[in-house]
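Listed below are the residues making up each chain.
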There are 4 protein chains.
Amino acid sequence: MIVMKSTATEEQIRHVIERVESVGARAHLSQGEEVTLIGAIGDREHVARLGLEGAPGVENVVPILKPYKLASTQLRHGEHTVLEIAGSKIGGSNFALIAGPCTVETHAQTLATAVAVRDAGATMLRGGAYKPRTSPYAFQGLGLEGLRMLADAKAQSGLPIVTELMDTRDLDAILEVADVIQIGARNMQNYPLLAEVGRAGRPVLLKRGLSSTLEELLMAAEYVLKEGNEAVILCERGIRTFETAYRFTLDLTAIPVLKELTHLPVVVDPSHAAGRRSLVTPLSLAAAAAGADGIIVEVHPNPEEAICDGPQALYLEDFPGYVEQVKRAAAVAGKVLAAV
Amino acid sequence: MIVMKSTATEEQIRHVIERVESVGARAHLSQGEEVTLIGAIGDREHVARLGLEGAPGVENVVPILKPYKLASTQLRHGEHTVLEIAGSKIGGSNFALIAGPCTVETHAQTLATAVAVRDAGATMLRGGAYKPRTSPYAFQGLGLEGLRMLADAKAQSGLPIVTELMDTRDLDAILEVADVIQIGARNMQNYPLLAEVGRAGRPVLLKRGLSSTLEELLMAAEYVLKEGNEAVILCERGIRTFETAYRFTLDLTAIPVLKELTHLPVVVDPSHAAGRRSLVTPLSLAAAAAGADGIIVEVHPNPEEAICDGPQALYLEDFPGYVEQVKRAAAVAGKVLAAV
Amino acid sequence: MIVMKSTATEEQIRHVIERVESVGARAHLSQGEEVTLIGAIGDREHVARLGLEGAPGVENVVPILKPYKLASTQLRHGEHTVLEIAGSKIGGSNFALIAGPCTVETHAQTLATAVAVRDAGATMLRGGAYKPRTSPYAFQGLGLEGLRMLADAKAQSGLPIVTELMDTRDLDAILEVADVIQIGARNMQNYPLLAEVGRAGRPVLLKRGLSSTLEELLMAAEYVLKEGNEAVILCERGIRTFETAYRFTLDLTAIPVLKELTHLPVVVDPSHAAGRRSLVTPLSLAAAAAGADGIIVEVHPNPEEAICDGPQALYLEDFPGYVEQVKRAAAVAGKVLAAV
Amino acid sequence: MIVMKSTATEEQIRHVIERVESVGARAHLSQGEEVTLIGAIGDREHVARLGLEGAPGVENVVPILKPYKLASTQLRHGEHTVLEIAGSKIGGSNFALIAGPCTVETHAQTLATAVAVRDAGATMLRGGAYKPRTSPYAFQGLGLEGLRMLADAKAQSGLPIVTELMDTRDLDAILEVADVIQIGARNMQNYPLLAEVGRAGRPVLLKRGLSSTLEELLMAAEYVLKEGNEAVILCERGIRTFETAYRFTLDLTAIPVLKELTHLPVVVDPSHAAGRRSLVTPLSLAAAAAGADGIIVEVHPNPEEAICDGPQALYLEDFPGYVEQVKRAAAVAGKVLAAV
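Just so it is clear, the model here is predicted, and its values are computed rather than measured.

Conventions used here
- Residues numbered from 1 in each chain as written.
- Chains lettered and ligands numbered in written order.
- Predicted model: local features only at pLDDT ≥ 70, side-chain atom pairs only at ≥ 80, totals over all residues.
- Helix = DSSP H or I, 4+ residues; strand = E, 2+ residues; numbered from the N terminus.
- Contact = placed C-beta atoms within 7 Å.
- Domains from an automatic or database assignment.
- Least-squares fit on C-alpha atoms with pLDDT ≥ 70 in both.
- Nonpolar A, V, L, I, M, F, W, Y, C, P; charged D, E, K, R; others polar.
- Pairing = 2+ DSSP bridges.
- Axes fitted to C-alpha atoms, helices over the stretch in contact; angles between N-to-C directions.
- Buried ≥ 20, exposed ≤ 12 C-beta atoms within 10 Å, placed from the backbone.
- Right-handed = clockwise from strand over helix to strand, strands pointing away.
- Left-handed = near helix turned anticlockwise from the far one by under 90°.
- Core = buried A, V, L, I, M, F, W, Y, C linked by C-beta atoms within 7 Å.
- Expected span 1.5 Å × (residues − 1).
- Arc of directions from axis to C-beta.
- pLDDT = per-residue confidence, 0-100.
- Parallel < 35°, antiparallel > 145°, perpendicular 65-115°, else oblique.

1. Comments concerning the overall build of chain A
Across its full length, chain A holds eleven helices and 16 strands. Along the first, second and third principal axes, the C-alpha atoms of chain A reach 75 × 45 × 40 Å. Expressed as a percentage of contacts within chain A between residues at least 6 apart in sequence, the contacts between residues at least 24 apart total 66%.

2. Let's talk about the domain arrangement of chain A
Its domain assignment divides chain A into domain 1 (2-61) and domain 2 (73-337). Between the C-alpha centres of domain 1 of chain A and domain 2 of chain A the distance comes to 43 Å.

3. Describing the relation of the copies chain D and chain A
The relation between the two copies of this chain is a rotation about an axis and a shift parallel to it. Once turned by 180° and shifted 0.0 Å along the axis, chain D lies on chain A with an RMSD of 0.0 Å. The symmetry that links the two subunits is that of a two-fold axis. In terms of proximity to the rotation axis, the leading residue of chain D is D:Ser211, whose C-alpha is 3.1 Å off the axis. Mapped onto chain A, 100% of the interface residues of chain D again fall at the interface, so both copies present the same surface.

4. Considerations on the interface of chain B and chain A
With 36 residues of chain B in contact, the opposing surface of chain A contributes 36 residues. Breaking the side of chain B that touches chain A down by element, the ones donating at least two residues are helix H7 (214-225), helix H8 (254-261), helix H9 (270-274), helix H10 (277-289) and helix H11 (319-332) of chain B. Tallying contributions element by element places H10(B) first for the side of chain B that touches chain A, with seven residues. When the residues that make up the side of chain B that touches chain A are grouped by side-chain class, the tally is 22 nonpolar, nine polar and five charged.

5. A few points about the interface of chain D and chain A
Counting from both sides, the interface comprises 39 residues of chain D and, opposite them, 39 residues of chain A. Mapped onto the side of chain D that touches chain A, the elements with two or more residues apiece are helix H2 (44-49), helix H6 (191-200) and helix H7 (214-225) of chain D. No other element matches the four residues that H7(D) contributes to the side of chain D that touches chain A. A per-class count over the side of chain D that touches chain A returns 16 nonpolar, ten polar and 13 charged.

6. Describing the sheet that holds strand S4 (residues 58-61) of chain C
Hydrogen bonds along the backbone pair up the strands of a sheet, which may run parallel or antiparallel. Residues and elements named next belong to chain C. Within the open sheet, the four strands sit side by side as S2-S3-S1-S4. Their pairing is antiparallel. The open sheet has two edge strands, strand S2 (26-31) and S4, and neither has a second partner. The average angle at which neighbouring strand axes cross in this sheet is 20°, direction not considered. In this sheet, strand S3 (residues 36-41) lies alongside strand S1 (residues 2-4) in antiparallel orientation, the contact comprising three bridges. Its bridge partner being in S3, Val-3 is matched across the sheet by Leu-37. Most of the contacts of helix H1 (residues 10-22) go to S3, to which it runs at about 10°, and overall it touches S1, S2, S3 and S4.

7. Considering the sheet that holds strand S4 (residues 58-61) of chain B
Residues and elements named next belong to chain B. Read from one edge of the open sheet, four strands run S2-S3-S1-S4, paired in antiparallel fashion. The open sheet is flanked by strand S2 (26-31) and S4, the only strands paired with a single partner. Averaged over all adjacent pairs, the angle separating strand axes in this sheet is 20°, with direction ignored.

8. Topic: the pairing of strand S12 (residues 232-236) of chain D
All names here are of chain D. Here S12 lies mainly inside the structure; five of its five residues are buried. Neither face of S12 is open: one carries Val-232, Leu-234 and Glu-236, the other Ile-233 and Cys-235, and all of them are buried. Relative to S12, strand S11 (residues 204-207) is paired through four bridges, and the arrangement is parallel. Note on S12: the bridge partner recorded for Val-204 is Val-232. With respect to chirality, the unit in which S11 leads through H7 into the neighbouring parallel S12 is right-handed. Pairing analysis gives three bridges linking S12 to strand S13 (residues 266-268), with the strands arranged parallel. Each residue of the ladder has a partner; that of Cys-235, found in S13, is Val-267.

9. A look at the packing of helix H3 (residues 107-120) of chain D against helix H11 (residues 319-332) of chain D
To describe two helices that pack against each other, one gives the angle between their axes and the distance between the axes. All names here are of chain D. Axis separation between H3 and H11 bottoms out at 9 Å; the angle between their running directions is 35°. Judged by the twist between their axes, the crossing of H3 over H11 is right-handed. Within the contact between the two elements, H3 uses Ala-116, Val-117 and Ala-120 and H11 uses Phe-319, Pro-320 and Val-323.

10. Focus on the nonpolar core
The biggest cluster of nonpolar side chains holds 428 residues, and the ones touching the most others in it are A:Ala289, B:Ala289, C:Ala289 and D:Ala289. Ignoring anything within four residues of it in the chain, the contact list for B:Ala289 reads A:Leu285, A:Ala286, A:Ala289, A:Ala329, A:Val332, B:Ala329, B:Val332 and B:Ala333.

11. With respect to the relation of the copies chain B and chain A
Overlaying chain B on chain A yields an RMSD of 0.0 Å, the required transformation being a rotation through 180° with an accompanying axial translation of 0.0 Å. Taken together, the interface assignments show that 100% of the residues at the interface of chain B recur at the interface of chain A, consistent with an identical surface on both copies.

12. Remarks on unusual backbone geometry
Phi angles above zero are rare outside glycine, and C:Ala86 is one such case at about 50°. Looking at the secondary structure, you find C:Ala86 in the loop between strand S5 (83-85) and strand S6 (88-90).

13. Digging into helix H1 (residues 10-22) of chain B
Residues and elements named next belong to chain B. For H1, with 13 residues, the first-to-last C-alpha span of 18 Å sits near the 18 Å given by 1.5 Å per residue. Among all positions of H1, only Val-16, Arg-19 and Val-20 are buried. Buried residues of H1, viewed axially, fall in a sector of 100°; they line one side. Along H1, the residues that are exposed and aim more than 90 degrees away from the buried face are Glu-10, Glu-11, Glu-18 and Ser-22.

14. Looking at the confidence of the model for chain A
Looking at chain A as a whole, its pLDDT mean stands at 92, while 99% of the residues score no less than 70. In the model output, the complex is listed with pTM 0.93 alongside ipTM 0.93.

15. Examining the packing of helix H11 (residues 319-332) of chain A against H11(B)
The geometry of H11(A) relative to H11(B) is characterised by a closest axis approach of 9 Å and an angle of 170° between their N-to-C directions. The orientation of H11(A) relative to H11(B) falls into the category roughly antiparallel. For the pair H11(A) and H11(B), contact is made by A:Gln325, A:Arg328, A:Ala329 and A:Val332 and by B:Gln325, B:Arg328, B:Ala329 and B:Val332, respectively. Taken together, the residues of the contact of H11(A) with H11(B) break down into four nonpolar, two polar and two charged.

16. Quick word on helix H11 (residues 319-332) of chain C
Residue and element names in this part refer to chain C. Relative to the 20 Å expected for 14 residues at 1.5 Å per residue, H11 spans 20 Å between its end C-alpha atoms, a close match to the ideal helical length. Among the residues of H11, Phe-319, Tyr-322, Val-323, Val-326, Ala-329, Ala-330 and Val-332 are the ones counted as buried. One or two steps after H11, the chain reaches Gly-334, where phi turns positive at roughly 80°.

17. Considering the environment of C:Arg118
Relative to the elements of secondary structure, C:Arg118 occurs in helix H3 (residues 107-120). Distance in space between the C-alpha atoms of C:Arg118 and C:Ala99 is 8.7 Å, their sequence separation being 19 residues.

18. Things to note about the environment of C:Gly198
Residue and element names in this part refer to chain C. Topologically, Gly-198 is positioned in helix H6 (residues 191-200). Residue Gly-198 is classed as buried on the basis of its C-beta count, with 22 C-beta atoms lying within 10 Å. Residues Gly-198 and Gly-143, 55 residues apart in the sequence, show an inter-C-alpha distance of 22 Å. When neighbours within four sequence positions are excluded, Gly-198 is seen to be in contact with Tyr-223, Val-224, Lys-226, Glu-227, Gly-228 and Asn-229.

Encoded structure:
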């Protein structure tokens, strides 16, 4: 939809119409007393490429159609996708609980956590071997050694593994272990990485960038979907705002809005948003009650000794009580914690 | 806490110490290899007035003490305030449900809504007679006539009334009707207005400004509390962020954080944040599950005919079902919808 | 412009058209393959009141016309307003330099500053007698006594006075002294206050709220203009963002954008945005080079002793050099520091 | 600096001190009446790893030391770095003007632009062969073919080339042509990519992420510097805020603040921030007057035909006039457009 200035001349209007038609779109003129509108009906990308925002007589250009196609609810006629990951379901009425340490540290820590969270009701195990860190001087993850620990934890607990990929060069190693490949918030618009995991065909948990709009999140998902990989889980993990009283602002409005826009499952990470343990339970309950399809949460047998993000990890001993509360909140939204 | 530059001279350090001591505070020097710190122990306002941020050799000034006193949890040794408003409790385990139209339009609409929301379980009636509108050309509220309609609705339903005050000159008229005086988000830092409602002694529902920090919200409450009025209810109603897929970002992290910082009750307004009906229920459930002390929500017998904000009003006929869901979500957080 | 869902029925489309026509607007239907649009041509407020965002079949509503009329450049056919305030011009090619202390403290400070800034080239004197302070425990201004000091400074220096009004009840006292009434950022949407200064007919300097959009700023100006007061100066003073390395983010893009949207003069306050002296000069030069019509800046004979905001005040002794630099930057944008 | 709660016990204080000392840092206790502080003097990363934010009795943790070292002004004792890139200087009093098309499209367009911007006074040529696009359906750049066009443009014009790298797998090809490797805003925290360009040793132009703090920008630079590559140019290109009247908010306050924090040169990209041509000149003048070390700007011989971002490109024919204005603005800040 092109909005012409009130001072636009007939000539300028005609010129815009010609340019719209030059890319195979249909122009639809609508002249009011105060404003003239030109609807451009056709391929959004082609019209966007015209760059009409700068053309003489043009006030502004208002896109009407959504730019994503494969992620759209319209594709599935309003039905929501249910994924089955190594026997564990997510989506529809199936609530997933993905728990584990921020980072894989030792064999003992990883195995103990895996078994304990499974026993308490978690449906997948999370844990990072490659860690994106703001500081180059901070611990960057155990890498291959960490992946081996995750493989053992998977063998012993039977839980599917969610772990982060940061570099296309590590893809093969990750594919050996991961049931779900996590793309972190900082890499949400790392397009070569998105295309690679799209081609790899493994389920992807895609975290929203810390100041990405929901439309940008869906466009990032589109990069994966476009390669033929239909298994994308979206993850809200807190956005950046002016507030400094806590780390990130968890955007729970994103849950019902994404449910309207896309058929893909939506989970919430309350741990990174909160940055401290005392906020994790209330935020988890809120996310479940708002209709999330799952939660990805950090748990540690001994948070005081954790190498990274200990302050936000739940104590392993508190985890069973936490699961009971989350179940009740999910039930309010009509969801059931999926059994493995 | 004053952080000195690594290049600060002895002279500059001595000068800062002298200035700290000149306002009656104690200076506490702590010299490390890379940085020198000077703790200023005493009245925060006195030290702030020194304006040491600009002084020679000073890197920056980090405030350590909270600037609010009366709103602080420390004042009540961690106990949370329970208010009783015309027989209706809010705070502690008492969940309040404040419902009604955005704006008072007609006698019939107001009375019908009042009785229906009371029957469904609402504990207070909301409704605006004075409306802050972005456009001077928009409907500005019925004023005194609207207040009379609210008085009748109160008589007939028995519900306490929550209504907004925008102008100190309307205070007396508002006091005739209001059990709770609402201060809107745009007036959160209207200090003369805050001082007046503080002096009036009537309970106040104080909405967070759309880009106010939680500390600023508590400082605004402090303006009311300082006048001797202890009955302040804080209200989260959505903050402004970069996201454009919905109207405001409801900041539910504010609930548990405010619970740590202040003894005052905290309610949530999901209607204005969402801007559209379909988001109101999930956000209400999330707010209740996160531990809010109540919800203030818009309901209308015929939203299509509403003069303002119809798209975000719940249908009166859907309200009883809504109340049942909210009760279940509040129960997850250990709260009970308070009976009138 | 109403965008219908792709699933909207004929019935729903007809219903929207009927409602648009029910308020006297004309409906203009445009049916594409993927989307149906209904243009509503008529009074924006009337259409807005319909609240069509929530109606069945409606995807969303995109406003096309600007909601402000009197502030719009269209009103003046692209010409910019030049105001003359007690002999001092602002707007067009006239650059105004409004300088003085944050707050009026003593007779001596005020007079010394007034004379010195005039001698250096300032065109108006700023100074607050009523101060909006985040903390109720902070200094709130000298009030009437401060206004008397400003009156003396005006008599002695010949400079027009810019001072802030916070409360409608202080209007008469302010009118005794002020040549320009400042409305602070926190009061930008204090509508009763805006209407009063509109009726008072005195020039108004309206500061942008710290998270107000430019459209909201222009709507606030519209509240003043609507009362018949055409002398409104807009002021950019920094917006709130996620960045914590300085106080506010000065939005200099606002200058050329406002120049496109409105005929009103635009000035910039670099002092409050920066929060510290070292940033004030570069930001002032940037504002002038970007095409601002003026700057309002804080200057103090002895910032270390200033009661408020000393760290951001320029030293009086540095002010003449500052003025020379600002003149050169304004010249780049084709403006000349207006002589008094 | 660890701030203890007012309710912290002696035991809790002792425990924190022990943990601080356990990582080789020195603990410095400072007990006031209202608050107890524990300074942790030692390696910031070691103390951060303790995760004391969650420990019993701890109110919060306030970092005092900057987390970056190599990027800090302290490293150079306040001196600013001057880089020489293929004979073209940037930094100190040398102002760089990097101009060219958003994306390389054809041989003719690239050569014509290169020669024309050189003749007008540009000091480097910009142009993208690999383009990060929000939509997977949008043009993604010419890749290797584009790099060949840039090589020809360099041979013909003598201008150094600035071009973007998105994928570590393209590094070798980029190194064949690029004098400066651009890292885009979306990849600012793509740590494997940063480390690779660090190791490659070629100058890097690092764009600030659209919601990255200045501290995060400097930490990203630190990833490059840590590999031994000292040639990093920082680039402000607009941040994301709530404002929707233009594309991004150009953060010009970042210029003087970065000048205080780091010795690295700072340039500004007004084109992407603005999103439309009419804002590019005022923003460029503002950036130069604020003290930027250079500007990177988009120019196109025929913006209406540009494949991407045409609306923000300057017309080639207007470029010489633009350069003259920018020179004058840079002169206000004491900088001279560097000759090639």
